[in-house]
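Structural features, examined
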Amino acid sequence: MTKALSWARVKSPWLIHFNTGGCNGCDIELVAALTPRFDVERFGILLEGSPRHADILAVTGPVTLQVKDRLLRIYEQMPEPKYVVAIGTCAVSGAPFKDCYNVYGGVDKVLPVDVYIPGCPPKPEAIIDGIVKLIQKIKGEESRG
Amino acid sequence: MIKVPFGPQHPALKEPENFTFEIDGDIVVAVKPRIGYNHRGIEKAFEQRTYIQNLYLAERICGICSDAHTTCYTQAVESLLGVEAPPRARYIRVIVAELERIHSHSLWLGIAAHEIGFDTLFFYYWRDREVVMDLLESISGNRVHYAMNTIGGVRRDISPEKVSMIKKGLDFLEERMKRYIEMMKTDQTVLKRTEGVGVLKRRDAIDLCAVGPTLRASGVKNDVRADDPYAAYDEIPFNVVTHDGGDVLSRILVRCEEILESIEITRYALDHMPEGMTRVRVPMAVPPGETVSRVEAPRGELIHYAKSNGTARPERYKVRSPTLGNIPALCKMLIGCHVADIPIILAGIDPCFACMDRMTFIDLRNGDEWVWTMQELRRRYRND
Ligand code: SF4
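Structure report, in brief. Keep in mind that this is a model prediction, so the values were computed, not measured. Every residue gets a number counted from 1 within its own chain, in the order that chain's sequence is written. Just so you know, chain letters begin at A and ligand numbers begin at 1, following the order they were written in. Predicted model: local features are reported for residues with pLDDT of at least 70 only, side-chain atom pairs are reported and counted for 80 or more only, and whole-chain, interface and lining totals are derived from all residues. Side-chain metrics rest on all non-hydrogen atoms present in the structure, leaving aside hydrogens and water.

As a further point, take the packing of helix H4 (residues 87-115) of chain B against helix H5 (residues 119-140) of chain B. Residue and element names in this part refer to chain B. To define axes, lines are fitted to C-alpha atoms, for helices over the stretch in contact only, and angles between the resulting N-to-C directions are given on a 0 to 180 degree scale. Put simply, DSSP H or I for four residues or longer makes a helix, DSSP E for two residues or longer makes a strand, and each gets a number counted from the N terminus. Following both chains from N to C, one finds H4 and H5 inclined at 160 degrees, their axes separated by 8 Å at the closest point. In terms of axis orientation, H4 runs roughly antiparallel to H5. Considering the relative orientation of H4 and H5, their crossing is left-handed. Together, Val96, Leu99, Glu100, Ile102, His103, Ser106, Leu107, Leu109, Gly110, Ile111, Ala113 and His114 of H4 and Asp119, Leu121, Phe122, Tyr125, Trp126, Arg129, Val132, Met133, Leu135, Leu136 and Ile139 of H5 make up the contact between the two elements. Under this grouping Gly is polar, as are all residues other than the nonpolar Ala, Val, Leu, Ile, Met, Phe, Trp, Tyr, Cys and Pro and the charged Asp, Glu, Lys and Arg. Grouping the constituent residues of the contact of H4 with H5 by class yields 16 nonpolar, four polar and three charged. The scheme is simple: roughly parallel for angles under 35 degrees, roughly antiparallel for over 145, roughly perpendicular for 65 to 115, oblique for anything else. Handedness of a crossing is defined here by the sense of rotation of the near helix relative to the far one, left-handed for an anticlockwise turn of less than a right angle and right-handed for a clockwise turn. The contact rule is simple, with two residues in contact once any of their heavy atoms fall within 4.5 Å.

This next bit is on the packing of aromatic side chains. All names here are of chain B. Geometry of aromatic contacts follows a simple scheme: Phe, Tyr and Trp rings, the Trp one being its six-membered ring, pair when their centres are within 6.5 Å, and the pair is stacked under 30 degrees between planes, edge-to-face over 60, tilted otherwise. On inspection of all chains with the given rule, the structure shows eight aromatic pairs over all chains. Relative to Tyr73, the ring of Phe46 has its centre 5.9 Å away and its plane inclined at 40 degrees; by these criteria the two rings are tilted. Linking Phe46 in helix H1 (residues 42-48) with Tyr73 in helix H3 (residues 66-81), this pair joins segments that are 27 residues apart in sequence. Comparing Phe46 with Tyr73, the two get one shared label, buried. When the ring of Tyr125 is compared with that of Tyr180, the centres are 4.6 Å apart and the planes differ by 50 degrees; the resulting orientation is tilted. In this pair, Tyr125 sits in helix H5 while Tyr180 sits in helix H6 (residues 160-186), placing the two residues 55 residues apart along the sequence. We note that Tyr125, like Tyr180, is buried. These aromatic residues form a ring-pair network of at least three members: Phe46, Tyr73 and Tyr317. A ring has a charge above it when a Lys NZ or an Arg CZ is no more than 6 Å from the ring centre and no more than 35 degrees off the ring normal. The ring of Trp126 carries the charged tip of Arg129 above its face, separated from the ring centre by 4.6 Å. The cationic tip of Arg255 hangs over the ring face of Trp108; the distance from NZ or CZ to the ring centre is 4.1 Å. When accessible area is computed with a 1.4 Å probe and restricted to protein chains, residues below 20% of their type maximum are described as buried, those above 50% as exposed, and intermediate ones as partly exposed.

All names here are of chain B. Salt bridges are counted wherever a side-chain nitrogen of Lys or Arg sits within 4 Å of a carboxyl oxygen of Asp or Glu. Summed over the entire model, instances satisfying the criterion amount to 32 salt bridges over all chains. We note a salt bridge from Arg225 to Asp223, for which the minimum N-O separation is 2.8 Å. The pair formed by Arg225 and Asp223 is uniform in burial state, with each residue classed as buried. Arg267 serves as the salt-bridge partner of Glu264, at 3.1 Å between the closest nitrogen and oxygen. Here the residue Glu264 and the residue Arg267 both occupy positions in helix H11 (residues 248-272), the gap between them amounting to three residues, near one helical turn.

Chain B puts 49 residues into the contact, and the matching count from chain A is 40 residues. In short, buried area is how much 1.4 Å probe accessible area vanishes from two parts on joining, totalled over both. In total, about 3700 Å² of surface goes out of reach between chain B and chain A, with carbon and sulfur atoms giving 60% of it. Here chain B and chain A share four salt bridges between them. Between Glu29 of chain A and Arg143 of chain B there is a salt bridge, with its nearest N and O atoms 2.7 Å apart. Whenever a nitrogen or oxygen atom comes within 3.5 Å of another N or O atom, the pair is scored as a polar contact, on the condition that within protein one atom can donate a hydrogen and the other can accept it, and that pairs from neighbouring residues in sequence are kept only if both atoms are in side chains. Inspection of the region where chain B meets chain A yields four residue pairs in polar contact (both at pLDDT 80 or more).

What follows is the structure in structure tokens.
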């Protein structure tokens, strides 16, 4: 059973996207990655609306004070095992909004992050590359575990 | 009466924002928007950075209308400095702004198609949008933050080879767009979901200070490009597109036709671009003074206000983005609609919360409001 589950997870990871205060640039590029030109669905990746169905949390934006609790709540609602991808320089380190009074700066200040995709914004190709790297990481874990 | 929360994490919203709907049966009777999830404190950050650094910050206010924000910012600083961008730079600004409008509107059309459950159309729009994205990338080197504007002009020129490439791309887009307009006007799926939905009457639109395509879809002819021309718009002939329906269908048609208009403007600008420099040298010191600058962003009128005290950093900076102007109108449209229509009406104003969010201090016990200085804010939130 667990074997079947992990096989399914590697073959078809479901993604949930949450903007924690970014400028929208990264979000649009993430959506663009789903559209015909780039088409992440060929890797079995599906964008999901509900955190309870998702395996991967894709975060864009520097975490703002208001949004932090929501982010944690969404993370807690996701079933184990779960992974976090930080998309864009904002989510990686908080720049260019570093030192703004309302910003924590970087998703890793509040959540453990598995893959960082820098760029402002990263191109859809880079986002796909990052997610594929995460899939490989999951594969490695599954074969060891 | 039931209260339904909507967001901040919701599949219909790409950005965190919260709305509370009061619902009677299937009809919305009251709406309470709660903005602020996306507030980063950009205006204060403006005051901490130098004028050159702020260029990059202005760009990152919004990832969809990044060029509109930098245009507005550079115009404000240029007017403080008393310099003017050279003619060629002003034409290049127009070209990039219009290409950005095409990309932003096609993006929105895709989202709108998605909200009415027409995903095939969504993919068509976004596939064609990649053509504009390629043009923008080849001009500027980036797909989202173009970094084209600088104080005193633009940073990159458009070469003759690029001109012919852009024209080819525009021809393709024009043909596609004409087909889509035909389709939007006749397709039953689209008509059933958008005709007569989310109506905003002309009077209400004016009273509630709606802006941009939302206002123009209610039959009001208002466009900063025509009313208060900036860059090279005073030298370029174009029409302000309006529709009288006031519903979501009109908003769709206004944006579709604006894309055609933008294609024409870009063509004209490419043909009539004067030769010459693309930027002028500007003095480093910004004299004291204050100024307001306006730009027609893809979503409507964008206002920047700058106050300088003669130092290397602005003393006060203020951004009024178009979405904020549209929120009261949005609440009006939502009242009386069906629950199932909420996503498309919400999406109908083309909301961009990233540029809009702001905050205020309120003491919940007695309702007092006040203003804090930067030091107080930092002490409170960062413990330093
Ligand atoms: S990394 Fe850049 S593009 Fe992405 S959200 Fe931040 S500012 Fe916007």
